[in-house]
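Summary of structural features
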Amino acid sequence: AGSRADVNPDEVASVIWKYFTELGSNAKDTADQLHQSEISKQLNTLLKSNLQSFSAYAEEMQQRLAPFAVELQARLAQDSQRLKEQIQRELQELQAKLAPYADEVHQQIGTNIRRLRARMGPYAEELRSQVDLGAGELRRALEPYAAELRERLQDNAESVQASLSPYAERLQRQIDGGVESVKRRLTPVADELQAQVEQSVAELRRGLSPYAQEVRDGLERQLQSLSAQMERAAEELRARLAASSEELRAQLSPLAQELREAANGDAESLRQRLQPLAQQLEQRLGQSLETFRQQAAPFGETFGQQLVQRLEEMRGKLDSGAAGVEDHLELLEKEVRDKVAAFLSTAAPPQN
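In short, a report on the structure. Treat the numbers as computed from the prediction; the structure is a model and nothing was measured.

**Points about the overall build of the protein**
- Check the secondary structure of the protein and you find 11 helices and 0 strands.
- Listing the helices and strands of the protein from first to last along the sequence gives α-α-α-α-α-α-α-α-α-α-α.
- Counting all 352 residues of the protein, 43% fall into the buried class.
- Across the protein, contacts joining residues at least 24 apart in sequence account for 85% of those joining residues at least 6 apart.
- Accessible surface for the protein amounts to roughly 17,900 Å². Of this, 47% is attributable to carbon and sulfur atoms.

Written out as structure tokens, the structure reads:
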């Protein structure tokens, strides 16, 4: 209890990195803003949520981390130019060493791009298909509720009012269950897309392995960077699919809420309130599901395009020896995460 494992360095680093990237590039101004910003609250909330039984320890950690975050940001901002020069120098050295193998490396990456495009196509189509199937299933599950509501309006007002709350609860459960079913449909496709990403990087690494050791070391750093970019793209795909599913829930749940509110009104005006809702229920259901389908279905294609773009950018860097902004930010973020992990490893947990 109270061990360092209770604090996830990646979560802490993510909080700090978010503020680094959002608060601007001027080191002094950013440091001042960090003192005055929400970072202390964010860190405190994060740590206390992980250390609910040790609020004193969480508070102590937060107090140590906030100044550390300010100091770390200022140090990295001062070293920013050095990092840019380091990346540029390494890439130029790698380009020079690769010169005798430039055509082979270019060809290997081109082959990998073609393979990745070919692989992504079927899985992107499968994701689109599963989105369509999930939306269709949910539509079929919810459509009877619109017919049922129209039928209930034929009963007397007291009977309608008495049955409305249970009906609304059933509708909400159906919405929740349907959204979770959609998520379960999409998860295996997202898993397979990520597996294809890992396979693509592994194949590229094998394809580039015959080159001299000094070149291979430089290439390995580029491959690690490529792998990190692709993993982030895969995580983003999962997050976007989950967000779209939750957005669908948020669009459909008000239907049940409106019915609950109608049930709490007076019996005389109930039919007047329900009549337009019964007419709109099916239409609003269809609109929400169509919005979800149009939004989520293309995610697979977009994901594939992102990965191909990352490979093309890597090939361009190796051809030109020119580093981009992304390289610099990646190295900065890696330093942030390494330094946060090192800092947390020195913070002894409370003794029982």
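Moving on from the model shown.
**With respect to the side chain of R260**
- With respect to the helices and strands, the residue R260 is situated in helix 8 (residues 213–263).
- Looking at R260, its side chain comes within polar contact range of the side chain of Q257, at 2.9 Å.
- The contact partners of R260, leaving out residues within four places of it in the chain, are A168, E169 and Q172.

**Regarding the packing of helix 6 (residues 102–152) against helix 7 (residues 157–208)**
- Across the interface, helix 6 lies against helix 7 with an axial gap of 10 Å and an inter-helix angle of 175 degrees. If you check the angle between helix 6 and helix 7, you find them roughly antiparallel.
- Its residues placed into classes, the contact of helix 6 with helix 7 shows 26 nonpolar, 12 polar and 10 charged.

**Let's talk about helix 10 (residues 299–320)**
- Between its first and last C-alpha atoms helix 10 spans 31 Å; for 22 residues at 1.5 Å apiece the expected length is 32 Å, and the two agree.
- Among all positions of helix 10, only F299, G300, F303, G304, Q306, L307, V308, L311, M314, R315, K317 and L318 are buried.
- Among the residues trailing helix 10, G321 stands out with phi positive, at a value near 75 degrees.

**Here we look at the packing of aromatic side chains**
- Summed over the entire model, instances satisfying the criterion amount to 1 aromatic pair.
- Judged by centre distance (5.8 Å) and plane angle (50 degrees), the ring pair of Y145 and Y167 falls under tilted. With a gap of 22 residues between them, Y145 in helix 6 and Y167 in helix 7 connect regions that are remote in the sequence. With respect to burial, Y145 and Y167 carry one shared label: buried.

**What about the pattern of salt bridges?**
- Evaluation of the coordinates by the stated rule reveals 20 salt bridges.
- With a shortest N-O distance of 2.4 Å, R238 and D191 are connected by a salt bridge. Here R238 is found in helix 8, whereas its partner D191 is found in helix 7, with 47 residues between them in sequence.
- R238 gets classed as partly exposed once you look at its relative accessible area, which sits at 31%.
- Take D191: its relative accessible area is 35%, and that puts it in the partly exposed class.
- Each of D176, E180, K183, E246 and R249 takes part in a single network of salt bridges with overlapping partners.

**What to know about the nonpolar core**
- Ranked by size, the top nonpolar core spans 66 residues in total, and within it L164, L259, L274 and F303 carry the most contacts.
- Those elements that provide at least two residues to this core are helix 5 (80–98), helix 6, helix 7, helix 8, helix 9 (267–296) and helix 10.

Basis of the calculations
- Residue positions are given per chain, counting from 1 as you read along its sequence in written order.
- Where totals are concerned, whole chains, interfaces and linings use all residues; where local detail is concerned, this predicted model gives features only for residues with pLDDT of at least 70, and gives and counts side-chain atom pairs only at 80 or more.
- Excluded from the side-chain calculation are hydrogens and water; included are all heavy atoms of the structure.
- Numbering goes from the N terminus for both helices and strands, where a helix is a DSSP run of H or I of at least four residues and a strand is a run of E of at least two.
- When accessible area is computed with a 1.4 Å probe and restricted to protein chains, residues below 20% of their type maximum are described as buried, those above 50% as exposed, and intermediate ones as partly exposed.
- Whether two residues are in contact is decided by their heavy atoms: any pair within 4.5 Å suffices.
- Note that accessible areas follow from Shrake-Rupley with a 1.4 Å probe, and for residues the cover is restricted to the protein chains shown.
- Counting of polar contacts relies on pairs of N or O atoms within 3.5 Å, with two restrictions inside protein: one atom must be capable of donating a hydrogen and the other of accepting it, and residues adjacent in sequence are counted only when both atoms are side-chain atoms.
- Comment: axis = line fitted to C-alpha atoms, over the contacting stretch for helices; angle = value between 0 and 180 degrees taken between N-to-C directions.
- In what follows, roughly perpendicular refers to angles from 65 to 115 degrees, roughly parallel to angles under 35, roughly antiparallel to angles over 145, and oblique to any angle outside these ranges.
- For this scheme, ten residues count as nonpolar: Ala, Val, Leu, Ile, Met, Phe, Trp, Tyr, Cys and Pro. Four count as charged, namely Asp, Glu, Lys and Arg, and the remainder, Gly too, count as polar.
- Helix span is expected to be 1.5 Å times the residue number reduced by one.
- Centre distance within 6.5 Å is the pairing criterion for rings of Phe, Tyr and Trp, where only the six-membered ring of Trp is used; planes under 30 degrees apart are then read as stacked, over 60 as edge-to-face, and the remainder as tilted.
- Only one rule defines a salt bridge in this text: a Lys or Arg side-chain nitrogen within 4 Å of an Asp or Glu carboxyl oxygen.
- Joining through side-chain atoms within 4.5 Å is the link that ties buried Ala, Val, Leu, Ile, Met, Phe, Trp, Tyr and Cys residues into a set, and such a set is a nonpolar core.

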